[in-house]
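Breakdown of the fold
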Amino acid sequence: MSAAQPRPDVLMPLRNLCNSVKCSRDRVRDGESNECSGAFSLSNFWETLSEAVKSTSQEATKLSVMFSNAPSEEDCVKISESVQKSVLTLSTVYFWLPASQGVSLRKVVRDATAEVLDGLVHLLEAILSSPGESLSQEQLMSTGGVWAACDQFDQLPKDNRSAVLSVLTACAGLVKDALEEMEQALAEAQDPFGAVLDDDDDDDEDEGHQDTHWSEADRLLVTQCQGLMKASGASLRKLCSAVRTNGSLETEERISQLDALTDAARDISPSVDDLALSLYPPVDRSAVELNVCKLVCVLKKVLEITRSSHVCAEADVSWVEFLSGAVEHNLQKITSLLRDCGS
């Protein structure tokens, strides 16, 4: 049985709080950091941020428990002020982190902070949609969402090199998945869509399935494009190793170089996906040519930035040059196949 419904005016502080949290969330998503004029302590930042996140999680718990029954107007005002204080502290501490500590790191912290604030918005909206109801399912789930968003801060990368590595590792994993899917499709039946087509359509197979088969020329093209996809994965793996071994945070220039590598490498996985999709039957050779060129440009840019950055030690020059040659070799082979098919 639901508890007594609070009067509408009692909930006004909660509505105002909800609007305020939304504004704080949007400022975090879109705002610029405060540049630090003096020395900045990353360890002090994380210690203070951790306390702010912990406080926000605790306030969310208090808020949820209080509204499992109908609170008094005084209690509603007090909890709203308390939550508002924790939200302002959390967003303020986030803005302490200057871009000079690394754009990649700041993006990770920004997204995590915005997720906490977004979770609070969902919790407040759940409470406002069913005030006085004894811990509705939506309210419980929203409270858990805030806890989960706060808990993830313990696993966040703590400096820009770690943030860059997390992005590069994720990109390498996505490319690996795309390559494995393509290899599996080639290893299975001639018809990669055969498993999802109706077996009763045998009479119309030649007419209805003709666009779901790879021809021998198609399969040769796909195999050659796999070489370019493998070069993409190898580039990301070697780059991860170089950043892990040689990545430096000693100067703002080196921190910026790590960010530049991340920005360029982010484009590899989407480009690999576009190429892979264009290779499924019916193969559109003009789309394949376009996507091959796009991926080659992305890979060349990544390798060029790597070559000119501090992560490329003398021992790394050889693999950068090898992969640059592999990319060019695959491009020539694919271009030749496309030309032969078009003639």
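So, a few notes on the structure that sits alongside this text. (Residues numbered from 1 in each chain as written. Predicted model: local features only at pLDDT ≥ 70, side-chain atom pairs only at ≥ 80, totals over all residues. Heavy atoms only, no water.)

1. Some remarks on the packing of aromatic side chains
Enumeration according to the criterion identifies four aromatic pairs in this entry. Centroid distance Phe 45 to Trp 46: 5.5 Å. Interplanar angle 70 degrees. Geometry classified as edge-to-face. The exposure class assigned to Trp 46 is buried, which follows from its relative accessible area of 11%. Through successive ring pairs, a cluster of aromatic residues spans Phe 40, Phe 45 and Trp 46. (Phe/Tyr/Trp six-rings, centres within 6.5 Å; stacked < 30°, edge-to-face > 60°. Buried < 20%, exposed > 50% of the residue type's maximum accessible area, 1.4 Å probe, protein only.)

2. Considering the packing of helix H8 (residues 216-246) against helix H11 (residues 285-308)
Helix packing geometry: the angle between the two helix axes and the distance between the axes. Direction vectors running N to C along H8 and H11 enclose 20 degrees, while the axes themselves pass 11 Å from each other. Accordingly, the angle class assigned to the pair H8 and H11 is roughly parallel. Once H8 is placed against H11, the crossing between them reads as left-handed. Each of Ala 217, Asp 218, Leu 221, Cys 225, Leu 228, Ser 232, Ser 235 and Leu 239 in H8 lies in contact with H11, whose residues at this interface are Arg 285, Val 288, Val 292, Leu 295, Val 296, Leu 299, Val 302, Leu 303 and Thr 306. A breakdown of the residues in the contact of H8 with H11 according to their chemical character gives twelve nonpolar, three polar and two charged. (Axes fitted to C-alpha atoms, helices over the stretch in contact; angles between N-to-C directions. Helix = DSSP H or I, 4+ residues; strand = E, 2+ residues; numbered from the N terminus. Parallel < 35°, antiparallel > 145°, perpendicular 65-115°, else oblique. Left-handed = near helix turned anticlockwise from the far one by under 90°. Contact = heavy atoms within 4.5 Å. Nonpolar A, V, L, I, M, F, W, Y, C, P; charged D, E, K, R; others polar.)

3. Details of the environment of Ile 127
Structurally, Ile 127 is set in helix H4 (residues 103-129). The class for Ile 127 is buried, based on a relative accessible area of 1%. A C-alpha to C-alpha distance of 7.0 Å links Ile 127 and Phe 67, two positions 60 residues apart in sequence. Residues in contact with Ile 127, not counting those within four places in the same chain, are Leu 14, Leu 63, Phe 67 and Gln 139.

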